[in-house]
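Report on the structure
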There are 4 protein chains.
Amino acid sequence: MNLTLEQAEKIISKAKKKALAIDTKMNISVVDAGANQVAFVRMDGAWLGSADIALKKAKTARFFDMPTGEIGKLSQPGESLYNIEHSNGGLITFPGGLPIKDKAGNIIGAIGVSGSSVENDHAVAEAGATSL
Amino acid sequence: MNLTLEQAEKIISKAKKKALAIDTKMNISVVDAGANQVAFVRMDGAWLGSADIALKKAKTARFFDMPTGEIGKLSQPGESLYNIEHSNGGLITFPGGLPIKDKAGNIIGAIGVSGSSVENDHAVAEAGATSL
Amino acid sequence: MNLTLEQAEKIISKAKKKALAIDTKMNISVVDAGANQVAFVRMDGAWLGSADIALKKAKTARFFDMPTGEIGKLSQPGESLYNIEHSNGGLITFPGGLPIKDKAGNIIGAIGVSGSSVENDHAVAEAGATSL
Amino acid sequence: MNLTLEQAEKIISKAKKKALAIDTKMNISVVDAGANQVAFVRMDGAWLGSADIALKKAKTARFFDMPTGEIGKLSQPGESLYNIEHSNGGLITFPGGLPIKDKAGNIIGAIGVSGSSVENDHAVAEAGATSL
């Protein structure tokens, strides 16, 4: 069960639409079930440094099958997963990455969004992740 | 002067069309004048390992403002740029990467294509690069 | 004095049995006295991102000959080993990594487990580490 | 369609048997369809440096869905894929890596073997790859 390019393009299209609706400029990455990138876009004027963050958020969400922000709560000083970000060539654990499920509920990939506040990043990721 | 996402999407659309026309499955990457990725797609069933190669071809073409295959001739044993591939976190110097110019002839980015023979990769890159 | 593959396989077998007994899906890595990986398994459905974490836990436990969780206490903000995770290509310092000793008490390797809560990870690592 | 741990363990078992039969000491890695490692063993006394090579051979075979040695023919000086090894964080393109197919012929993963001559590495990989 894997995400197709057609699905990834639909996800990115919905995410972009949301990004425009809330007046933001985003980097958006979609990975498949194997955590390999399927599609990516950087909107005009979006932060250059957010391209890698978008990809790392997508990978992180698939690596652990949960929203990146959930991991971030556990990776704080004193918490159980402190400094987990040092694994896998670098994780990003603040909000903006979400698993993507098919209609049967199987995880088939993930989306990562970066370019604004983490609230906005999350909102755009959600618009994409729920579009299938 | 920089390539827009709309231009990158048009370039990728044309490249994908060419890839389908010659019955290949490609990874296609477009970078801007700063050699930063603007858009990427991996067609269903395309080689996983070609995603990084497509990006590296696009970057290499913009790093030196020439087709990747031209650099590859000079990076052979005994030639003037022998093993230049060790720079910049890894270059790919065989065909499939091309600079992208605007109508005035200014280089505004580059395309990298990987997933088939280098002849096919080059043909698909050319279809993309000449689409503006 | 070094851990053999036969020992590593026994350790992993016991750890897997424990993982199943507590209804978890784990990545399990065993390294030898030189901190080099001897054996690794990822149970079906276990988190993809936990493979690297399991290996890094095993290495970390052998690098400093103590449970990873002990190092994690010292790597917190304000503590003596703050951000030690930046060394050695990335350490993981929360629980789930344990040194492995032979009957004479000599350290002959380490085990790293990742895939659930740190309590579960530690319990599975302990089942493996004490199996010789 | 993905390789299970049970299948990976069977593949490694057969490969190890072959390695013993031809009096070699091997590192053996199995990755799934997403090129993520499922299982790994280093036989007692096998070269330490071959662990990473075995993994890179397995990944390379899945990245391009062909035997690693086939890529190595094309990556020689003057050939079409010269220095492709610089991609994907390092490829290994000499023999010893093979795709693994299910009974229907779908590629579900790959095996990488390193520790002896490339002929022996390939023979052991083949014993594993054909065991399902």
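Refer to the structure printed above.
Notes on the structure follow. Keep in mind it's a predicted model, so treat the numbers as computed, not measured.

The subject of this paragraph is the environment of D:I84. With respect to the secondary-structure elements, D:I84 resides in the loop between α3 (68-74) and β3 (97-101). By relative accessible area, D:I84 is classed as buried at 3%. In the structure, D:I84 is positioned 66 residues away from D:K18 in sequence and 31 Å away in space, judged by C-alpha atoms. With near-sequence residues (within four places) excluded, D:I84 lies in contact with B:I53, B:I92, B:F94, D:F64, D:I71, D:S75, D:L91 and D:T93.

It is worth spelling out the sheet that holds strand β4 (residues 107-114) of chain C at this point. Taken together, the 8 strands give an open sheet; going across it, the order is β3(C)-β4(C)-β1(C)-β2(C)-β2(D)-β1(D)-β4(D)-β3(D), and neighbouring strands pair in antiparallel fashion. The outermost strands of the open sheet, each flanked by one partner alone, are β3 (97-101) of chain C together with β3 of chain D. Each neighbouring strand pair of the sheet contributes to a mean axis angle of 20°, computed without reference to strand direction. Summarising the sheet, strand β2 (residues 37-42) of chain C and strand β2 (residues 37-42) of chain D pair through 3 bridges and their orientation is antiparallel. Note on β2(D): the bridge partner recorded for C:V41 is D:A39. Along the sheet, helix α1 (residues 5-21) of chain C makes contact with β1 (27-32), β2, β3 and β4 of chain C together with β2 of chain D, crossing β2(C) at roughly 25°. Most of the contacts of helix α4 (residues 118-129) of chain D go to strand β4 (residues 107-114) of chain D, to which it runs at about 150°, and overall it touches β3 and β4 of chain D.

Expressed as a screw operation, the relation of chain C to chain A combines 0.2 Å of axial shift with a rotation of 92°, fitting to an RMSD of 0.1 Å. Such a combination of turn and shift is consistent with a four-fold rotation axis. When C-alpha positions in chain C are compared against the rotation axis, the closest is assigned to C:P77, at 4.7 Å. A share of only 20% of the interface residues of chain C reappears at the interface of chain A, consistent with the copies meeting through non-equivalent patches.

Applying the stated rule across the entire model yields 24 salt bridges over all chains. Of the charged contacts, one joins D:K16 and C:E9 as a salt bridge, the two residues approaching to 2.6 Å between their closest N and O atoms. With one member in each of two chains, D:K16 in helix α1 (residues 5-21) and C:E9 in helix α1 form a pair that bridges those chains. Judged by relative accessible area, which is 30%, C:E9 ranks as partly exposed. Here C:D52 ties to C:K56 by a salt bridge, and the two come within 2.9 Å at their closest N and O atoms. With C:D52 and C:K56 both in helix α2 (residues 50-64) and 4 residues apart, this pair spans about one turn of that helix. For the residue pair C:D52 and C:K56, the accessibility class agrees, reading buried in each case.

This part covers the interface of chain C and chain A. Listed per partner, the contact involves 20 residues of chain C and 18 residues of chain A. Together chain C and chain A conceal approximately 1,400 Å² of surface at their shared face, both sides included; 63% is due to carbon and sulfur atoms. Three residues, C:W47, C:L48 and C:F94, lead the burial of chain C against chain A; their summed loss comes to 35% of the area buried on that side. Run the count over chain C and chain A and you get 0 salt bridges. Counting across the chain C and chain A interface gives 10 residue pairs in polar contact (both at pLDDT 80 or more).

With that settled, the discussion passes to the side chain of A:N27. Residues and elements named next belong to chain A. Relative to the helices and strands, N27 is located in strand β1 (residues 27-32). Polar contacts involving the side chain of N27 include one to the main-chain amide nitrogen of A51, which spans 3.5 Å. Non-local contacts of N27, meaning those with residues more than four positions away in its chain, are made with F40, V41, R42, A46, W47, S50, A51, A54, G112, V113 and S114.

Before going further, it helps to examine the sheet that holds strand β3 (residues 97-101) of chain B. Taken together, the 8 strands give an open sheet; going across it, the order is β3(A)-β4(A)-β1(A)-β2(A)-β2(B)-β1(B)-β4(B)-β3(B), and neighbouring strands pair in antiparallel fashion. Unpaired on one side and paired on the other, β3 (97-101) of chain A together with β3 of chain B mark the two borders of the sheet. Here the average twist between neighbouring strands, direction ignored, is 20°. Here 6 bridges tie strand β1 (residues 27-32) of chain B to strand β4 (residues 107-114) of chain B, and the two strands are oriented antiparallel to one another.

This part is about the packing of α1(D) against α4(D). Residue and element names in this part refer to chain D. Across the interface, α1 lies against α4 with an axial gap of 7 Å and an inter-helix angle of 145°. At the point where α1 passes α4, the crossing takes the right-handed sense. In this structure, α1 uses I11, K14, A15, K18 and A19 to contact α4, whose residues at the interface are A123, V124, A127, G128 and A129. By residue class, the composition of the contact of α1 with α4 is 7 nonpolar, 1 polar and 2 charged.

Unusually for a residue other than glycine, C:D65 sits at a positive phi of about 50°. Along the chain, the position of C:D65 falls in the loop between α2 and α3 (68-74). Relative accessible area serves as the criterion here: at 37%, C:D65 is assigned to the partly exposed category. Positive phi outside glycine occurs at D:N83, with the angle close to 65°. Note on D:N83: relative accessible area 10%, which makes it buried.

What counts and how
Residues numbered from 1 in each chain as written. Chains lettered and ligands numbered in written order. Predicted model: local features only at pLDDT ≥ 70, side-chain atom pairs only at ≥ 80, totals over all residues. Heavy atoms only, no water. Helix = DSSP H or I, 4+ residues; strand = E, 2+ residues; numbered from the N terminus. Buried < 20%, exposed > 50% of the residue type's maximum accessible area, 1.4 Å probe, protein only. Contact = heavy atoms within 4.5 Å. Pairing = 2+ DSSP bridges. Axes fitted to C-alpha atoms, helices over the stretch in contact; angles between N-to-C directions. Least-squares fit on C-alpha atoms with pLDDT ≥ 70 in both. Salt bridge = Lys/Arg side-chain N within 4 Å of Asp/Glu carboxyl O. Buried area = accessible area lost by both parts, 1.4 Å probe. Polar contact = N/O pair within 3.5 Å; in protein donor to acceptor, adjacent residues only side chain to side chain. Left-handed = near helix turned anticlockwise from the far one by under 90°. Nonpolar A, V, L, I, M, F, W, Y, C, P; charged D, E, K, R; others polar.

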